[in-house]
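Here is what each chain is made of, one letter per residue.
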Protein chains: 2
Amino acid sequence: MALINENFLKLKAGYLFPEIARRVKAFTEANPEGAARLIRCGIGDVTEALPEAVRYAMHEAVDEMGDRGTFKGYGPEQGYDFLRNAIADNDFKARGLEVSADEIFISDGSKCDTGNILDIFGAGNKIAITDPVYPVYVDTNVMIGNTGEADENGAYAGLTYLKCSPENGFVPDIPEEKVDLIYLCYPNNPTGAVATREQLTAWVAYARKHGSILLYDAAYEAFIQDESIPRSIYEIEGARECAIEFRSFSKNGGFTGVRCAFIVIPKTLLGYQKDGTAYPIHPLWSRRHSTKFNGASYIVQKGAEALYSDEGKSQIKALIEHYMGNAALLVEAVKAIGLPVFGGVNAPYVWVGTPNGLTSWQMFDKMLNEANVVITPGSGFGSAGEGYFRISAFNSRANVEEVCRRLAAL
Amino acid sequence: MALINENFLKLKAGYLFPEIARRVKAFTEANPEGAARLIRCGIGDVTEALPEAVRYAMHEAVDEMGDRGTFKGYGPEQGYDFLRNAIADNDFKARGLEVSADEIFISDGSKCDTGNILDIFGAGNKIAITDPVYPVYVDTNVMIGNTGEADENGAYAGLTYLKCSPENGFVPDIPEEKVDLIYLCYPNNPTGAVATREQLTAWVAYARKHGSILLYDAAYEAFIQDESIPRSIYEIEGARECAIEFRSFSKNGGFTGVRCAFIVIPKTLLGYQKDGTAYPIHPLWSRRHSTKFNGASYIVQKGAEALYSDEGKSQIKALIEHYMGNAALLVEAVKAIGLPVFGGVNAPYVWVGTPNGLTSWQMFDKMLNEANVVITPGSGFGSAGEGYFRISAFNSRANVEEVCRRLAAL
């Protein structure tokens with residue numbers, strides 16, 4: 001009798017974005033007119049063309065596959081050296097950070113990486129996540145059995161929720177209790193907040209004191225405008241002893257449909273066996289990656305490498321400027337109608353307080369039905385997100401300007 | 001204190017193919033002359049150019065990404081309908097099999113799928129694997145804690161090994177004990193054996209009797225030449241109630257470096273909660289796939305779709321004919337030197353008994369040092385593989401002819 005993993009039965013409703021898709025589909029089927037003027041600012045998905053440098057490189061790679069002399073079969077599971085070196089040189093060494101190419105593991109996406117990372121950690125870890133938070137962190141912990149059941153607010157027994165609010169600038173306070181794995185995402189999805197050097201220094205000190213590991217999601221680092229804000233956790237002294245960093249080409253290079261990301265595991269990072277014996281994390285992930293993954297597509301890796309060329313860098317810069325220009329317009333429009341607004345300055349997300357005590361999903365339905373704009377309900381990111389909604393700046397300029405007009409008219 | 005998953009510490013040595021790579025590297029560094037004439041028939045990796053139809057479709061898809069009007073961001077996690085429909089129509093409906101498009105989940109590879117599938121099954125399942133076997137099935141069960149420690153032969157406590165030998169045609173006998181999850185791979189890697197309709201019918205009957213699930217890996221179905229051999233487990237009546245099928249574009253379409261595969265989970269397939277309550281498997285995998293995966297690359301999926309065009313089909317046919325022509329030559333060459341030979345008729349692998357009581361790794365070293373040919377030691381696939389080695393037919397014709405000459409000269 002094949003037994004299922006009953007932890008899956010603890011999961012609440014759908015994953016957030018499929019639920020949004022369901023409501024939008026119902027709306028568009030019932031309202032052809034509203035459907036025609038619908039603007040999607042819900043899911044944080046890029047909208048602009050893939051950079052030319054990337055397309056050029058991918059065309060070349062496809063052609064290489066057409067000649068048996070240059071054909072590429074299985075590649076190294078950890079990624080091709082050409083890409084690992086480009087990342088190490090440009091994202092780390094050029095910024096004075098000590099991350100070597102063989103500490104970088106290429107994958108097909110950060111969603112996979114942030115979910116799969118739990119494979120190498122044992123049962124019995126105390127897990128801390130911010131609230132609100134990217135739902136994947138929570139759901140993957142539920143699936144693997146690191147939690148109990150959810151309460152009526154959707155909070156899972158056994159997880160430590162680190163509340164984020166305007167009072168702490170949406171960066172959680174250091175907890176009094178001991179936790180073992182801590183998910184931090186800055187620039188933050190969904191709040192658009194950033195963490196300062198001082199705040200991250202405190203987290204690194206906490207993790208080192210307790211032998212904890214920070215799972216640092218820096219998928220949005222390219223959107224940071226303020227030079228004083230760290231773009232990598234490894235800008236903090238001691239982070240190589242306590243942090244894994246997740247990076248992605250999805251949002252800087254427009255790779256959400258192309259699929260490429262990477263993870264940094266310093267060789268100096270240790271975990272522990274139950275008896276207290278230290279054990280390095282790097283070989284564990286290397287083994288996991290070699291056994292359950294077969295490398296990202298060669299063609300995709302060649303595309304990602306092109307992002308580090310001069311053309312690629314300037315094309316990324318143009319994309320970031322475009323999206324951050326959108327964010328600035330949205331922030332202004334929300335301010336003008338008097339709603340509390342956060343983020344949108346060093347991140348492509350604008351985090352807004354709902355008016356008149358509306359719940360997040362009520363606001364979602366109101367925006368959908370009255371403004372024909374899809375936003376993301378804050379409560380979908382955790383109970384501390386209740387009373388907020390997220391507007392994504394990933395869109396065309398014309399659409400964003402129209403969203404601003406509709407917000408004014410609401 | 002971050003606890004590691006100590007199950008990883010039970011894993012023996014390296015994963016097979018990295019270990020082969022290590023020995024080959026040591027040899028080539030020490031023997032420049034041998035290195036120059038080295039022929040690789042070890043890892044089962046395709047060598048011929050990617051079909052033109054695929055490259056054409058991928059070029060088009062890259063161009064689509066360059067226009068914001070046709071740009072594709074996040075796709076459906078389960079795969080694009082264009083590909084799911086092409087698979088359902090061509091691989092199943094056209095053969096009279098009942099598999100619908102929404103029972104097909106597109107991924108970036110069968111190695112990922114066969115490893116990740118364990119996420120949805122609970123602890124306490126009795127796992128059966130054939131011996132010899134593709135190492136990923138074993139290692140992923142070790143990692144997730146479904147086994148105890150390995151003994152001196154590398155056999156893990158708690159796993160049920162189903163011995164495959166010339167006596168049973170390398171298709172395991174139905175076990176007397178009850179097992180819950182059974183990995184079957186036909187055409188088989190590494191032995192090149194196929195399972196007959198009668199043999200698969202017996203397995204389906206066994207699984208249905210015990211509420212077990214067959215994890216049926218059909219990655220090599222395209223190589224079947226004998227029309228009486230089932231290409232899909234769903235050719236067996238009742239399989240929709242007891243089997244998951246894994247398929248890949250790696251070996252038929254030459255996608256080992258492109259990365260695309262799929263898995264079929266019939267909606268009629270049930271697993272069980274501990275209390276005996278039945279629960280459908282399809283929504284569990286759908287949830288897993290939505291939460292821990294973000295869809296295969298759009299460009300790659302467009303390439304895979306092209307394999308179902310008339311041009312794509314005829315280009316696959318030519319590739320299969322090429323590799324199976326190689327296999328026939330290898331079988332003849334091995335027969336000529338009087339070694340026991342299996343496979344190579346409906347599969348691209350030739351499975352050979354070692355001469356003079358050599359162990360598999362001794363034969364590996366002999367072939368490497370004396371013939372400068374890389375093969376795969378049978379014992380790397382399990383203890384029942386001791387005394388055998390695998391020759392892969394994935395190579396150029398010229399290389400295979402040269403391997404045949406070197407075998408004759410050994």
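Here the structure is a predicted model, which means the values were calculated and not measured.

Parameters at a glance
- Residues numbered from 1 in each chain as written.
- Chains lettered and ligands numbered in written order.
- Predicted model: local features only at pLDDT ≥ 70, side-chain atom pairs only at ≥ 80, totals over all residues.
- Heavy atoms only, no water.
- Helix = DSSP H or I, 4+ residues; strand = E, 2+ residues; numbered from the N terminus.
- Expected span 1.5 Å × (residues − 1).
- Buried < 20%, exposed > 50% of the residue type's maximum accessible area, 1.4 Å probe, protein only.
- Arc of directions from axis to C-beta.
- Contact = heavy atoms within 4.5 Å.
- UniProt positions renumbered as here; feature names shortened; annotations may be inferred.
- Salt bridge = Lys/Arg side-chain N within 4 Å of Asp/Glu carboxyl O.
- Pairing = 2+ DSSP bridges.
- Least-squares fit on C-alpha atoms with pLDDT ≥ 70 in both.
- 1 Å grid on protein atoms, 1.4 Å probe; cavity = no way out; pocket = protein on both sides within 12 Å on 5 of 7 lines; lining within 4 Å.
- Points joined across faces, edges and corners; volume = space filled by probe spheres on them.

Student: Just to check I follow, could you spell out helix α7 (residues 197–210) of chain B for this structure?
Tutor: An α-helical segment advances 3.6 residues per turn. Residues three or four places apart therefore align on the same side. All names here are of chain B. Under the 1.5 Å per step criterion, the end-to-end length of α7 is 20 Å for 14 residues, consistent within 8% with the ideal 20 Å. Where α7 is concerned, the buried positions are L200, W203, V204, Y206, A207 and H210. Summarising the axial view, the buried residues of α7 lie within an arc of 160 degrees, below the 170-degree limit, and thus occupy one face. Pointing more than 90 degrees away from the buried face of α7 are the exposed residues E198 and K209. If you follow the buried residues of α7, they end up packed against β4 (160–163), β5 (181–185) and β6 (213–217).

Student: How do you make sense of the UniProt feature "domain: Aminotransferase class I/classII large" (unreviewed entry) in chain A when you look at a structure like this?
Tutor: UniProt tags residues 42–407 of chain A as "domain: Aminotransferase class I/classII large" (unreviewed entry). Overall, residues 42–407 of chain A shows 34% helix and 15% strand. The separation of its end C-alpha atoms is 15 Å.

Student: Honestly, the pattern of salt bridges in this entry has me stumped. Any pointers?
Tutor: Should the charged atoms of two oppositely charged side chains come close, the side chains can pair. In total, this model carries 51 salt bridges over all chains according to the counting rule given. Residue E19(A) pairs with R23(A) through a salt bridge whose shortest N-O separation is 3.2 Å. Separated by four residues within a single helix, E19(A) and R23(A) lie in helix α1 (residues 16–30), roughly one turn from each other. For E19(A), a relative accessible area of 19% translates into the label buried. Across the salt bridge formed by E29(B) and K25(B), the nearest N and O atoms sit 3.7 Å from each other. Of this pair, E29(B) and K25(B) both sit in helix α1 (residues 16–30), separated by four residues, roughly a single helical turn. Residue K25(B) is classed as exposed on the basis of its relative accessible area of 52%. Through salt bridges that share partners, D91(A), E221(A), R231(A), E245(A) and R247(A) make up one connected network.

Student: Would you mind showing me how to read the environment of I104(A) here?
Tutor: Residue and element names in this part refer to chain A. Summarising the element assignment, I104 is placed in strand β2 (residues 104–107). Here I104 falls in the buried class, since its relative accessible area comes to 0%. Along the backbone, I104 and Y74 are 30 residues apart, and their C-alpha atoms lie at a distance of 18 Å. When sequence neighbours within four positions are dropped, the list of residues in contact with I104 reads Q78, R84, I87, A88, V99, F262, I263 and V264.

Student: What is the right way to look at unusual backbone geometry in this model?
Tutor: The phi angle of most residues is negative, glycine excepted, and most peptide bonds adopt the trans form. Residues and elements named next belong to chain A. In this structure, the amide linkage connecting D131 to the following residue, P132, adopts the cis form with an omega of 5 degrees. With respect to the element layout, P132 can be found in the loop between β3 (127–131) and α6 (135–143). P187 follows Y186 through a cis peptide bond whose omega is -5 degrees. In this structure, P187 sits in the loop between β5 (181–185) and α7 (197–210). With phi around 55 degrees, N372 is a residue other than glycine that occupies positive phi space.

Student: Help me understand the environment of A193(B) in this model?
Tutor: Residues and elements named next belong to chain B. Among the structural elements, A193 can be located in the loop between β5 and α7. In this structure the C-alpha to C-alpha distance between A193 and N346, which are 153 residues apart in sequence, comes to 7.5 Å. Residue contacts for A193: discarding those within four places in its chain leaves G169, F170, Y186, P187 and N188.

Student: I would appreciate a short explanation of the sheet that holds strand β12 (residues 349–353) of chain A in the present structure.
Tutor: Residue and element names in this part refer to chain A. Ordered in space as β11-β12-β15-β14, the four strands form an open sheet in which the pairing is antiparallel. Of all strands in the sheet, those with a lone pairing partner are β11 (341–343) and β14 (376–377), marking the two edges. Across three bridges, the pairing between β11 and β12 is antiparallel. By the bridge assignment, V341 is partnered in β12 with V352.

Student: How do you make sense of the relation of the copies chain B and chain A when you look at a structure like this?
Tutor: Relating the two copies of this chain is a rotation about some axis coupled with a shift parallel to it. For the pair chain B and chain A, the superposition axis carries a translation of 0.0 Å, the fit reaches an RMSD of 0.0 Å, and the rotation angle comes to 180 degrees. Taken together, the rotation and translation relating the two chain copies correspond to the operation of a two-fold axis. In terms of C-alpha distance to the rotation axis, chain B has H59(B) as its closest residue, with the C-alpha 3.0 Å off the axis. A shared interface surface links the copies, since 100% of the contact residues of chain B are contact residues in chain A too.

Student: Explain empty space enclosed by the protein here, please?
Tutor: Rolling a probe over the atoms, with the probe sized like a water molecule, indicates the empty space that remains. Considering all chains together, one arrives at four cavities of 30 Å³ or more under this definition. If you add up the space inside the largest cavity, you get close to 150 Å³. Contributing to the lining of the largest cavity are 20 residues, with D108(A), C112(A), N116(A), F293(A) and N116(B) lying nearest its centre. Of all the secondary structure elements, the ones that give two or more residues to the lining of the largest cavity are α5 (110–116) and α8 (281–292) of chain A together with α5 (110–116) and α8 (281–292) of chain B.

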